[in-house]
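Okay, here's what each chain looks like letter by letter:
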Amino acid sequence: MSYEAFLDGDPVIVTAALTGGVHGKEANPNVPETPEEIGRAAGEVEAAGASVVHLHARRPNGERSFDTERFQEIDDAVRRHTDDVVIQHSTGGTGAPDADRHRPLRTDPPPEMASLDMGPLNRYDHLTSENTRGLVDSLHAEMVDRGIKPELEVFNDGHRNEVHGLLARRDLADPVYATLIFGPGTLTRPRPEHFLTAIADLPDGATFNTLGFGRHQLPFATMGILFGGHVRVGLEDNVYYERGELAESNAQLVERVVRVAEELGRPVATTDEAREILGL
Amino acid sequence: MPCPYLEYRDTSADQSFDEARAFCTVVEEFVQPMRADICNDRYALDHESHCEIYRAHAEGEE
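Because the structure is a prediction, the values reported are computed rather than measured. (Residues numbered from 1 in each chain as written. Chains lettered and ligands numbered in written order. Predicted model: local features only at pLDDT ≥ 70, side-chain atom pairs only at ≥ 80, totals over all residues. Heavy atoms only, no water.)

**Considering the sheet that holds strand E3 (residues 29–30) of chain B**
Residues and elements named next belong to chain B.
- On the basis of which strands lie adjacent, the open sheet formed by 3 strands has the order E1-E2-E3 and antiparallel pairing. Each of the sheet's edge strands pairs with one partner strand only, and the pair in question is strand E1 (6–11) and E3.
- When strand E2 (residues 16–24) meets E3, the two strands line up antiparallel, connected through 2 bridges. Paired with Cys24 across the two strands is Glu29, which belongs to E3. (Pairing = 2+ DSSP bridges. Helix = DSSP H or I, 4+ residues; strand = E, 2+ residues; numbered from the N terminus.)

**Section: helix H8 (residues 217–226) of chain A**
Residues and elements named next belong to chain A.
- Residues of H8 that are buried include every one of Gln217, Phe220, Ala221, Met223, Gly224 and Ile225, and no others.
- Considering only its buried residues, H8 is in contact with helix H1 (3–7), strand E10 (177–182), helix H7 (192–200), strand E11 (207–212), strand E12 (230–233) and helix H9 (250–263).
- The first or second residue beyond H8 is Gly228, which carries a positive phi of 80°. (Buried < 20%, exposed > 50% of the residue type's maximum accessible area, 1.4 Å probe, protein only. Contact = heavy atoms within 4.5 Å.)

**Regarding the pairing of E1 of chain B**
Residues and elements named next belong to chain B.
- Looking at chain direction, E1 and E2 are connected through 5 bridges and run antiparallel. Within the sheet, the bridge partner assigned to Glu7 lies in E2 and is Phe23.
- A loop of 4 residues connects E1 with E2, the two strands running antiparallel in sequence.

**Some details on the packing of helix H5 (residues 133–146) of chain A against helix H6 (residues 157–169) of chain A**
Residue and element names in this part refer to chain A.
- Viewed as axis vectors pointing N to C, H5 and H6 meet at an angle of 55°, and their least axial separation amounts to 12 Å. Here H5 lies oblique to H6, going by the angle between them. Relative to H6, the crossing made by H5 is right-handed. Touching Arg133, Val136 and Asp137 of H5 are Glu162, Leu166 and Arg169, all from H6. (Axes fitted to C-alpha atoms, helices over the stretch in contact; angles between N-to-C directions. Parallel < 35°, antiparallel > 145°, perpendicular 65-115°, else oblique. Left-handed = near helix turned anticlockwise from the far one by under 90°.)

Shown next, in the form of structure tokens:
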């Protein structure tokens with residue numbers, strides 16, 4: 001992936017992170033939380049140009065759930081509302097037991113993709129999401145068994161070491177697909193020079209996805225488009241459309257990044273093209 | 001045991017919800033769903049250790 005891909009007008013995969021597990025309707029009432037709300041949002045973002053939906057599960061009151069059954073309800077709703085969008089489950093879960101982190105992988109059918117957090121990150125002032133190498137390896141092993149493509153979530157520069165280490169330890173199917181994440185706290189500082197360093201430091205042949213938190217979502221998505229990567233937007237990562245203006249929907253955020261990609265000469269990938277690019 | 005400052009409410013001064021949600025009576029706000037797991041001492045989480053709001057409030061009461 002490189003600037004050449006931009007010049008060549010290669011298709012860009014848009015992933016929509018619909019709900020997340022950190023904030024919810026208390027932050028923006030338009031965050032979908034129930035399976036039906038998430039399913040409807042998936043249909044809207046697919047129509048807007050997203051080919052992948054990144055999913056978390058919640059209890060009826062918006063709190064986190066890691067239950068396979070809850071993910072199944074969500075997947076069933078997503079499939080009712082979409083044509084053939086790629087389903088990607090989160091395996092993230094600050095403070096949750098390792099056994100629970102596996103449960104999103106066990107739906108029937110399994111998700112085509114699942115996230116794999118590459119290492120620790122701080123939450124609030126007194127909590128760390130550990131994501132040990134042991135957990136990374138066990139989640140990856142189950143993904144391989146179930147035919148699930150890992151999306152390597154690279155929250156900071158040290159996590160790129162973890163990507164290279166994972167490749168040395170385990171056999172990852174081509175292409176390696178890494179989401180480069182920029183924002184506050186433990187994340188890579190959201191500056192263009194760090195973005196350029198990150199994409200240059202990925203393993204040969206890797207494909208990258210670009211994720212900026214909050215107000216960094218649009219500029220970093222734009223850089224991802226310019227430098228041949230793919231993009232992730234959605235209410236999980238950013239509840240605002242503009243400073244001080246809450247986003248109306250996930251689709252509103254997808255529509256904007258689709259306009260940017262098309263204006264810059266990169267067509268948005270269809271779901272078939274996304275599957276081909278990702279090797280699904 | 002859940003945080004003593006946790007309540008489940010469906011309305012506040014400026015927000016309302018169909019389902020009752022976790023509300024922190026120290027800061028008088030609905031809390032993030034992930035923070036609600038800390039309030040409830042779910043999994044390996046513990047409000048006395050992991051919640052800066054509880055810790056600061058407890059220190060202020062000493």
